[in-house]
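# Observations on the three-dimensional arrangement
Residues per chain are reported as follows:
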Amino acid sequence: MMNKVVPSLDEAVAGIEDGATILIGGFGPSGVPTELIQALLDAGTRELTVVNNNAGNGESGLSQLIRAGRVRKMICSFARSSNPEKPNAEAFGEWYRAGRIELEVVPQGTLAERLRAASAGMGPFYTPTSYGTRLAEGKETRQFNGRGYVLEHPLHGDAAFVHAHQADPHGNLMFRYASRNFGPVMCMASRLAVAQVDEVVPVGSLPPEHVMTPGIFVQRVVEVRCEHA
């Protein structure tokens, strides 16, 4: 198998085109591939659709991408940038109120299931979540056994950025704790999965039962030594 480790962040994000849909892992500050996002910002890529649990954390990473005007649309569950130290420095809210960015709010479980449907090669599915609310407006609804359901569609990505703890050169990934969050399913739901990892270890070092994303779903790995995993 080929070595999927690339030597730099620039090479990790190379070839991602304007208008791409990017799936970005992370739940709050946990598992956010901040350096990959920064590399995409440096690359100048724009008109992006970004799928993430929320709309950034603090002033770095996704918030920077939004503030730079590179994001055309956010698809997320928590439409707010979380920054308790500077509650007014909220990039997404500023841009949304100004009508400069689109927003699609998706309940968290539905977001995960839309990604899973894409990863499994499935078609649309029905869920009771959001039935009878504004989030269901414009969507097909049906009744099954007396209960209302909303039709939701798979959510595919042109690329996925995730942050894992360890990887081997074949692209097998191990995540730490909550950093796992959306990472595995996003890798499977995208055409190009890029993993920022704290450490690249030799092939055979990861016990099979610790591999949370098999290398078949990962195309690029870049090692970024961070103080915090």
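Residues numbered from 1 in each chain as written. Predicted model: local features only at pLDDT ≥ 70, side-chain atom pairs only at ≥ 80, totals over all residues. Heavy atoms only, no water.

### A look at the side chain of Thr45
- Within the secondary structure layout, Thr45 lies in the loop between helix H2 (34-43) and strand E2 (48-51).
- Among the residues examined, Thr45 registers a relative accessible area of 4% and is labelled buried.
- Here Thr45 is in contact with Ile16, Glu17, Asp18, Leu40 and Arg70, once residues within four sequence places are set aside. (Helix = DSSP H or I, 4+ residues; strand = E, 2+ residues; numbered from the N terminus. Buried < 20%, exposed > 50% of the residue type's maximum accessible area, 1.4 Å probe, protein only. Contact = heavy atoms within 4.5 Å.)

### A closer look at the pairing of strand E10 (residues 190-200)
- Most of E10 is tucked away, with 8 of its 11 residues classed as buried.
- When strand E8 (residues 157-167) meets E10, the two strands line up parallel, connected through 9 bridges. Considered in E10, the bridge of Phe161 is made with Val194.
- Both E10 and strand E11 (residues 220-223) contribute to a ladder of 4 bridges, which runs parallel. Bridge assignment links Val194 to a residue of E11, and that residue is Arg220. (Pairing = 2+ DSSP bridges.)

### Remarks on the sheet that holds strand E5 (residues 125-127)
- With respect to topology, 3 strands assemble into an open sheet ordered E5-E7-E6, the strand pairing being antiparallel. Two strands in the sheet have a free side with no partner beyond their single neighbour: E5 and strand E6 (141-144). Averaged over all pairs of adjacent strands, the angle between their axes in this sheet comes to 40°, without regard to strand direction.
- Examined bridge by bridge, E6 and strand E7 (residues 147-152) share 4 bridges and lie antiparallel to one another. By the bridge assignment, Thr141 is partnered in E7 with Val150.
- Strand contacts of helix H5 (residues 108-119): E5 and E7, with the helix running at about 165° to E5, the strand carrying the most contacts. (Axes fitted to C-alpha atoms, helices over the stretch in contact; angles between N-to-C directions.)

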